[in-house]
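Chain by chain, the residues:
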Amino acid sequence: AQKVTQAQTEISVVEKEDVTLDCVYETRDTTYYLFWYKQPPSGELVFLIRRNSFDEQNEISGRYSWNFQKSTSSFNFTITASQVVDSAVYFCALSEALLDDKIIFGKGTRLHILP
Amino acid sequence: KAGVTQTPRYLIKTRGQQVTLSCSPISGHRSVSWYQQTPGQGLQFLFEYFSETQRNKGNFPGRFSGRQFSNSRSEMNVSTLELGDSALYLCASSLGGYSGNTIYFGEGSWLTVV
């Protein structure tokens, strides 16, 4: 069965600090897709990144970076030099190699960036 | 390019009533899916439509239903509302037709049942 675990329910850091959000997933499929979404107070889920199970390259996009490790079934997300605008709930999610768009979400990590 | 649009954004209903939520996907997207978000259960998949056909359904009672029109717009309906149906309902769209789509979400409809 698929499952996504975000062990950190809430994190607070001071602005400009780096912060890493952890994500561990479970799936029996060999082909799957992992996502990170950001949810500000307005409610909209903002797409951040999608990775497929064949591509373990780490990725950096501005202040964001992602560390995908199949050996540990982890897909962690790091924000470098955090800013107050980064405050939000962050969701890690999993989609298996089916033709439909069913996504399994983790419970989310609420991130507070303190000025 | 317009994003996923959901209406209404906020609504209050009385227990026992029914509600219809609407979703307009990103232009060109043929897949629309719906999710319910509550503080206790988190984000849960309701159902997904592609080319007017329901392709997958989550573990929700039959009071929750949906449909998709030929222009890919979608509606979901909840009948005989219960207090526990109070939630943020999120619609998402993607191109569909292949696995691993990038899925984009709307701002959601906040439903309060009193």
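Residues numbered from 1 in each chain as written. Chains lettered and ligands numbered in written order. Predicted model: local features only at pLDDT ≥ 70, side-chain atom pairs only at ≥ 80, totals over all residues. Heavy atoms only, no water.

Trainee: Go over the overall build of chain B, please, and point to the residues and values.
Mentor: Helix and strand counts for chain B stand at 0 helices and 11 strands. For chain B, the succession of helices and strands along the chain, N to C, is β-β-β-β-β-β-β-β-β-β-β. At 13 Å, chain B has a C-alpha radius of gyration in line with the 13 Å of a compact globule built from 114 residues. Along the first, second and third principal axes, the C-alpha atoms of chain B reach 40 × 25 × 25 Å. In chain B, which comprises 114 residues, the proportion classed as buried is 52%. Across chain B, contacts joining residues at least 24 apart in sequence account for 54% of those joining residues at least 6 apart. Accessible area of chain B: about 5100 Å², with a carbon and sulfur share of 49%. (Helix = DSSP H or I, 4+ residues; strand = E, 2+ residues; numbered from the N terminus. Rg over C-alpha atoms; globule rule 2.2 N^0.38 Å. Buried < 20%, exposed > 50% of the residue type's maximum accessible area, 1.4 Å probe, protein only. Contact = heavy atoms within 4.5 Å. Areas by Shrake-Rupley, 256 points an atom, 1.4 Å probe, with all protein chains shown as cover.)

Trainee: Which residues make up the pairing of strand β3 (residues 19-24) of chain B, and what values do they have?
Mentor: Residue and element names in this part refer to chain B. Bridge count for strand β1 (residues 5-7) against β3 is 3 bridges, and the pairing is antiparallel. In the sheet register, Gln 6 faces β3, and the bridge partner there is Cys 23. Alignment of β3 against strand β8 (residues 74-78), held across 5 bridges, turns out to be antiparallel. Counted as the bridge partner of Ser 22 is Glu 75 from β8. (Pairing = 2+ DSSP bridges.)

Trainee: Residue-level account of the pairing of strand β2 (residues 10-14) of chain A, with values.
Mentor: All names here are of chain A. By the alternation rule, side chains of β2 split into Ile 11 and Val 13, which are all buried, and Glu 10, Ser 12 and Val 14, of which none is buried. As paired strands, β2 and strand β12 (residues 109-114) are joined by 5 bridges and run parallel to one another. Note on β12: the bridge partner recorded for Ile 11 is Leu 111.

Trainee: Tell me about the side chain of His 29 of chain B, and name the residues and values.
Mentor: With respect to the helices and strands, His 29 of chain B occurs in the loop between β3 and β4 (31-38). Here the side chain of His 29 of chain B touches Ser 94 of chain B through a polar contact of 3.3 Å, landing on its backbone nitrogen. (Polar contact = N/O pair within 3.5 Å; in protein donor to acceptor, adjacent residues only side chain to side chain.)

Trainee: I'd love a proper account of the nonpolar core, names of residues and values included.
Mentor: Core analysis: the biggest nonpolar cluster contains 23 residues, and Trp 36, Phe 75, Phe 77 and Tyr 90 of chain A have the highest contact counts within it. Breaking this core down by element, the ones donating at least two residues are β2, β3 (19-21), β5 (32-39), β8 (64-69), β9 (74-79), β10 (88-96) and β12 of chain A. In terms of nonpolar packing, the next biggest core, distinct from the first, is built from 21 residues, Val 4, Leu 46, Met 76 and Leu 81 of chain B among them. (Core = buried A, V, L, I, M, F, W, Y, C linked by side-chain atoms within 4.5 Å.)

Trainee: Just give me the short version of the packing of aromatic side chains, but keep the residues and values in it.
Mentor: All names here are of chain A. On inspection of all chains with the given rule, the structure shows 20 aromatic pairs over all chains. Measuring from centroid to centroid gives 6.3 Å for Tyr 25 and Phe 68, while their planes differ by 50°, and the two rings are tilted. One end of the pair, Tyr 25, is in strand β4 (residues 24-26); the other, Phe 68, is in strand β8, and 43 residues separate them in sequence. Under the relative-accessibility criterion, Tyr 25 is labelled buried at 3%. Residue class for Phe 68 comes out buried when judged on its relative accessible area of 2%. Ring geometry for Tyr 37 versus Phe 105: centroids 5.9 Å apart, planes at 55°, classification tilted. With a gap of 68 residues between them, Tyr 37 in strand β5 and Phe 105 in strand β11 (residues 104-105) connect regions that are remote in the sequence. (Phe/Tyr/Trp six-rings, centres within 6.5 Å; stacked < 30°, edge-to-face > 60°.)

Trainee: Could you give an account of unusual backbone geometry, naming the residues involved and the relevant values?
Mentor: As a rule of thumb, non-glycine residues mostly have phi less than zero, and peptide bonds are mostly trans rather than cis. The omega angle of the peptide bond from Thr 7 of chain B to Pro 8 of chain B is -10°, so this bond is cis rather than trans. In this fold, Pro 8 of chain B is placed in the loop between β1 and β2 (10-13). Of note, Ala 81 of chain A is a non-glycine position whose phi angle comes to about 50°, a positive value.

Trainee: Tell me about the state of the cysteines, residues and numbers included.
Mentor: What the rule picks out here adds up to 2 disulfides over all chains. Across the disulfide, Cys 23 of chain A is cross-linked to Cys 92 of chain A (sulfur-sulfur distance 1.9 Å). Handedness here is read from the sign of the S-S torsion; for Cys 23 of chain A and Cys 92 of chain A, about -65°, the answer is left-handed. Taken together, the positions of Cys 23 of chain A in the loop between β3 and β4 and Cys 92 of chain A in strand β10 put the pair 69 residues apart, joining distant regions of the chain. Here Cys 92 of chain A falls in the buried class, since its relative accessible area comes to 0%. At a sulfur-sulfur separation of 1.8 Å, the disulfide partner of Cys 23 of chain B is Cys 91 of chain B. Taking the sign of the S-S torsion, about -65° here, the bridge from Cys 23 of chain B to Cys 91 of chain B comes out left-handed. Taken as a pair, Cys 23 of chain B in strand β3 and Cys 91 of chain B in strand β9 (residues 87-94) lie far apart in primary sequence, 68 residues in all. Comparing Cys 23 of chain B with Cys 91 of chain B, the two get one shared label, buried. (Disulfide = S-S within 2.5 Å.)

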